[in-house]
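Coordinate inspection notes
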Amino acid sequence: LARRAIAFGSPGRTLLDPEELDVLINDLFRGEKYFLVVGQDVKNQRGLSARVRQWMRRSKGRSGDDPQEHCHIVLHADANNLDILKSALALVILRKKLVRKIDECGDHSPALRSRDCVDVLRDAGREAGEIFPQFLRELTKQGWRPPLRSMLGRVSARAEWTIRRK
């Protein structure tokens, strides 16, 4: 969560079209208090650390932008610490799957968007849902307890939508 400015954002950060937003909320992440978005961040220009990561990627012979820089979490206004933890787990899974997908295809379109990654987004959400209970049990065994306050501190980048049952 140290890189929360990169990991968390708003739906407007990638200029989602209404159809993409509808699929994310009412299909792929239905019933969740978060959803994942894939797309270039057009709202915030990345700082020096992102440019260094991109330079290192190119120096290793990989072309294009790192797909991990182009996905983030949108939290519902009512999301709690467990929702934040589950969404972060789903984001890690999504990023690994995107890197693998791009490496297998051999090329990367900088315009990769949520609508181009529906299967990967669906798999990441499903896998996070399956893994999360065991992940939480293991954390609890190790002595972790959810903090009483928000793990992210004050969060202004929250959205509101109707959460429909799965």
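Definitions and cut-offs
- Residues numbered from 1 in each chain as written.
- Predicted model: local features only at pLDDT ≥ 70, side-chain atom pairs only at ≥ 80, totals over all residues.
- Heavy atoms only, no water.
- Helix = DSSP H or I, 4+ residues; strand = E, 2+ residues; numbered from the N terminus.
- Buried < 20%, exposed > 50% of the residue type's maximum accessible area, 1.4 Å probe, protein only.
- Contact = heavy atoms within 4.5 Å.
- Expected span 1.5 Å × (residues − 1).
- Polar contact = N/O pair within 3.5 Å; in protein donor to acceptor, adjacent residues only side chain to side chain.
- Arc of directions from axis to C-beta.
- Pairing = 2+ DSSP bridges.
- Core = buried A, V, L, I, M, F, W, Y, C linked by side-chain atoms within 4.5 Å.

Quick notes on the overall build of the protein
- When helices and strands are counted, the protein shows five helices and three strands.
- Counted from the first residue to the last, the protein has its helices and strands arranged as α-α-β-α-β-α-α-β.
- Out of the 166 residues belonging to the protein, those deemed buried represent 40%.
- Within the protein, contacts between residues separated by at least 24 positions form 80% of all contacts whose residues are at least 6 apart in sequence.

A closer look at helix H4 (residues 81–105)
- Over its 25 residues, H4 runs 36 Å from end to end, which matches the ideal 36 Å to within 8%, given 1.5 Å per residue.
- Measuring from the side-chain oxygen of the N-cap residue of H4 to the backbone nitrogen of Leu82 gives 3.0 Å; that N-cap residue is Asn80.

What about helix H2 (residues 18–28)?
- Along H2, the positions that sit buried rather than exposed are Glu20, Leu24, Ile25 and Leu28. Projected onto a plane normal to the axis of H2, the buried residues spread over an arc of 130° and lie on a single side. Opposite its buried face, H2 presents the exposed residues Pro18 and Glu19, each directed more than 90 degrees away.
- If you follow the buried residues of H2, they end up packed against strand E1 (34–38) and helix H5 (118–141).
- By the N-cap criterion, in which a side-chain oxygen at the helix start approaches the backbone nitrogen of a residue two or three places on, H2 is capped by Asp17, the distance to Glu19 being 3.1 Å.

Points about the sheet that holds strand E2 (residues 71–76)
- The three strands lie next to each other as E1-E2-E3, forming an open sheet whose pairing is mixed. Each edge of the open sheet is held by one strand with a lone partner, namely E1 and strand E3 (158–159).

Considering the pairing of E2
- With six of its six residues buried, E2 lies for the most part within the structure.
- Burial along E2 is two-sided: the residues Cys71, Ile73 and Leu75 and His72, Val74 and His76 are all buried.
- In terms of strand pairing, E1 meets E2 through five bridges, oriented antiparallel. Each bridged residue has a counterpart across the sheet, and for Val38 the counterpart in E2 is Cys71.
- By the bridge criterion, two bridges tie E2 to E3 in an arrangement that is parallel.

A word on the nonpolar core
- Counting 36 residues, the largest nonpolar core has Phe35, Leu36, Leu94 and Leu121 as its most contacted members.
- Among the elements that take part in this core, H4 stands out by supplying nine residues, more than any other.
- Those residues in contact with Phe35 that sit more than four places away from it in its chain are Pro11, Leu16, Leu21, Leu24, Ile25, Phe29, His72, Ile73, Val74 and Trp161.

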